[in-house]
Amino acid sequence: MYYGSNTTVFLDGQWLKASEASASLYSQSMHYGSGVFEGVRAYDVHGSPAVFKAEAHYERLLTSAASMHIPCNYSVEELTELTYELLERNHLTDAYIRPLIYLDENMTLGTVEESHLFLCAWEWGKYLGDKSLNVMVSSYERPNPRSVPVAAKVTGHYTNSILATTEAKRKGFDEALLLDENGSVAEGSGANFFFEQDKVLYTPPLGNILPGITRETAMDIARDLGYEVVEAYFPPEKVKGTDGAFFTGTAVEVAGIGLLDGNPFRLPWEETIGYQVAKVYQNLVRQSSKTQLVNT
């Protein structure tokens, strides 16, 4: 699914066949989950790839690395150039790109002075598909920001996401909605969350959530369309039965939610702000990189 016999990846300054790339089983990232990554998408624009908000993604990657005391000697510009070369080498235009910074061998819990950069890409549709989602409020909470840097995209954080997703799917749901330590809505297992009521969009504020790049884009689009966007804490009970809701993220793009804990939203998806945002978003990501910068 992710690579074939001719797939090329980047690892520590070398272009390799995916089957030839290797990592140490003694990596601190392997044993303790201390690594950082990004999810980036490229879209076909007249036969060439346009990486959506590459600079924003790589700025967040480097910020995540710094928050985890992980060294990285690459700049945003270098990472962006490598990404386009990766796509060219694999003859990809529409693609999902995964940059990963993982650590060298270390069996202690101290800092590690050497890190490794891995870049790969593959064709990948919308992570949650195109259908209206059936979502449950998870029994798992979003990690407490006083215990880990939740604004960083850290590999180890996603054990929380795997648990929440597994619980949801075993109970017959498509996805999970996690709360924070105070019982307020935080985000999905791998996506930010919005709901709407009376032509106003609501989304949890920064602090307990990943500062999503697609989240920020969706907020900008909604405001450009003339809608008010409110960042606020709210319990899940306030969401149920409102006009509509959706997830945002690089992998999921903009995904409509039909049910929350079995409670339907009032409006059909096609009549919601989220649907309008999704349509504009799809047009935006399929513009050239230069045009994206002008419009966002």
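Predicted model, so just to flag it, every value in this text is computed and none were measured. (Residues numbered from 1 in each chain as written. Predicted model: local features only at pLDDT ≥ 70, side-chain atom pairs only at ≥ 80, totals over all residues. Heavy atoms only, no water.)

1. Overview of the packing of aromatic side chains
So, step 1. Throughout the structure, instances matching the rule amount to 16 aromatic pairs.
So, step 2. For the ring pair Tyr96 and Trp124, a centre distance of 4.7 Å and an interplane angle of 75° mean the geometry is edge-to-face. Of this pair, Tyr96 sits in strand β6 (residues 95-103) while Trp124 is found in the loop between β7 (115-122) and β8 (133-141), placing the two residues 28 residues apart along the sequence.
So, step 3. Owing to a relative accessible area of 4%, Tyr96 belongs among the buried residues under this scheme.
So, step 4. Classification of Trp124 by relative accessible area gives partly exposed; the value is 22%.
So, step 5. Taking 6.5 Å as the distance between ring centres and 50° as the angle between the ring planes, the aromatic pair formed by Phe193 and Phe234 counts as tilted. Taken together, the positions of Phe193 in strand β11 (residues 192-197) and Phe234 in the loop between β13 (228-231) and α6 (236-239) put the pair 41 residues apart, joining distant regions of the chain.
So, step 6. Linked through ring pairs, Tyr2, Tyr96, Trp122, Trp124 and Tyr127 together constitute an aromatic cluster. (Phe/Tyr/Trp six-rings, centres within 6.5 Å; stacked < 30°, edge-to-face > 60°. Helix = DSSP H or I, 4+ residues; strand = E, 2+ residues; numbered from the N terminus. Buried < 20%, exposed > 50% of the residue type's maximum accessible area, 1.4 Å probe, protein only.)

2. Brief notes about the environment of Arg223
So, step 1. If you trace the backbone, Arg223 turns up in helix α5 (residues 213-224).
So, step 2. Separated by 77 residues in sequence, Arg223 and Arg146 place their C-alpha atoms 32 Å apart.

3. Some details on a nonpolar patch on the surface
So, step 1. The grouping of Leu25, Tyr26, Met30, Tyr32, Met107 and Leu109 at the surface amounts to a nonpolar patch, some 720 Å² of accessible area in total.
So, step 2. Relative to the assigned elements, Tyr26 resides in the loop between β2 (14-17) and α1 (28-32).
So, step 3. By relative accessible area, Tyr26 is classed as exposed at 52%. (Patch = residues over 30% accessible without salt bridge, like charges linked within 9 Å, V, L, I, M, F, W, Y side chains within 5 Å. Areas by Shrake-Rupley, 256 points an atom, 1.4 Å probe, with all protein chains shown as cover. Salt bridge = Lys/Arg side-chain N within 4 Å of Asp/Glu carboxyl O.)

4. With respect to the nonpolar core
So, step 1. Residues Val36, Tyr58, Leu87, Ile97, Ile101, Leu117 and Leu119 are the most contacted members of the largest nonpolar core, which totals 26 residues.
So, step 2. Elements that contribute at least two residues to this core include exactly β4 (40-45), α2 (54-67), α3 (76-89), β6 and β7.
So, step 3. The element best represented in this core is α3, accounting for 5 residues.
So, step 4. Contact partners of Ile101, with chain neighbours within four places excluded, come to Gly35, Val36, Leu61, Ala65, Ile70, Pro71, Cys72, Ser115, His116 and Leu117. (Core = buried A, V, L, I, M, F, W, Y, C linked by side-chain atoms within 4.5 Å. Contact = heavy atoms within 4.5 Å.)

5. Comments concerning α2
So, step 1. Here α2 is 14 residues long and its end C-alpha atoms lie 20 Å apart, about the 20 Å a rise of 1.5 Å per residue gives.
So, step 2. What α2 keeps buried is the set Ala54, His57, Tyr58, Arg60, Leu61, Ser64 and Ala65. Projected down its long axis, α2 shows its buried positions confined to an angular sector of 155°, all on one face. For α2, the exposed residues set more than 90 degrees away from the buried face come down to Thr63 and Ala66. (Expected span 1.5 Å × (residues − 1). Arc of directions from axis to C-beta.)

6. Regarding the layout of surface pockets
So, step 1. The space that makes up the second largest pocket amounts to roughly 240 Å³.
So, step 2. Lining the second largest pocket are 15 residues, with Lys126, Asp130, Val254, Gly256 and Trp269 sitting closest to its centre.
So, step 3. Within the residue set of the lining of the second largest pocket, elements represented by two or more residues are β15 (253-260) and α7 (273-285).
So, step 4. Ranked by residues supplied to the lining of the second largest pocket, first place goes to α7 with 4 residues. (1 Å grid on protein atoms, 1.4 Å probe; cavity = no way out; pocket = protein on both sides within 12 Å on 5 of 7 lines; lining within 4 Å. Points joined across faces, edges and corners; volume = space filled by probe spheres on them.)

7. Things to note about the domain arrangement of the protein
Reports of interface size often rely on the accessible area that becomes lost once the parts have come together.
So, step 1. Along its sequence, the protein is carved into domain 1 (8-123) and domain 2 (133-284).
So, step 2. A separation of 26 Å is found between the C-alpha centroids of domain 1 and domain 2.
So, step 3. Contacts between domain 1 and domain 2 engage 20 residues on the former and 17 residues on the latter.
So, step 4. Here domain 1 meets domain 2 over a buried area of about 1,600 Å², counting both sides, of which 63% is carbon and sulfur.
So, step 5. Between Arg41 and Glu253 there is a salt bridge whose closest N-O contact spans 4.0 Å.
So, step 6. Put simply, domain 1 and domain 2 have 12 residue pairs in polar contact (both at pLDDT 80 or more) between them.
So, step 7. Contributing elements (two or more residues each) for the side of domain 1 that touches domain 2: β3 (36-37), β4, α2 and β6.
So, step 8. Looking at the side of domain 1 that touches domain 2, the element that brings in the most residues is α2, giving 5 residues.
So, step 9. Counted by class, the side of domain 1 that touches domain 2 contains 9 nonpolar, 7 polar and 4 charged residues. (Domains from an automatic or database assignment. Buried area = accessible area lost by both parts, 1.4 Å probe. Polar contact = N/O pair within 3.5 Å; in protein donor to acceptor, adjacent residues only side chain to side chain. Nonpolar A, V, L, I, M, F, W, Y, C, P; charged D, E, K, R; others polar.)

8. Digging into the pattern of salt bridges
So, step 1. As enumerated under the stated definition, the model contains 11 salt bridges in all.
So, step 2. With a closest N to O distance of 2.7 Å, Arg60 and Glu38 form a salt bridge. Note that Arg60 is positioned in helix α2 and Glu38 in the loop between β3 and β4, a separation of 22 residues in sequence. The pair formed by Arg60 and Glu38 is uniform in burial state, with each residue classed as buried.
So, step 3. The closest approach of N and O atoms between Asp243 and Arg266, which form a salt bridge, is 2.8 Å. Separated by 23 residues along the polypeptide, Asp243 in the loop between α6 and β14 (244-249) and Arg266 in the loop between β16 (263-264) and α7 bring together distant segments of the chain.
So, step 4. Accessibility expressed as a relative area gives 4% for Asp243, which makes it buried.
So, step 5. For Arg266, a relative accessible area of 56% puts it in the exposed group.
So, step 6. Salt bridges here are not isolated pairs; linked through shared partners, they connect Arg41, Lys126, Asp130 and Glu253.

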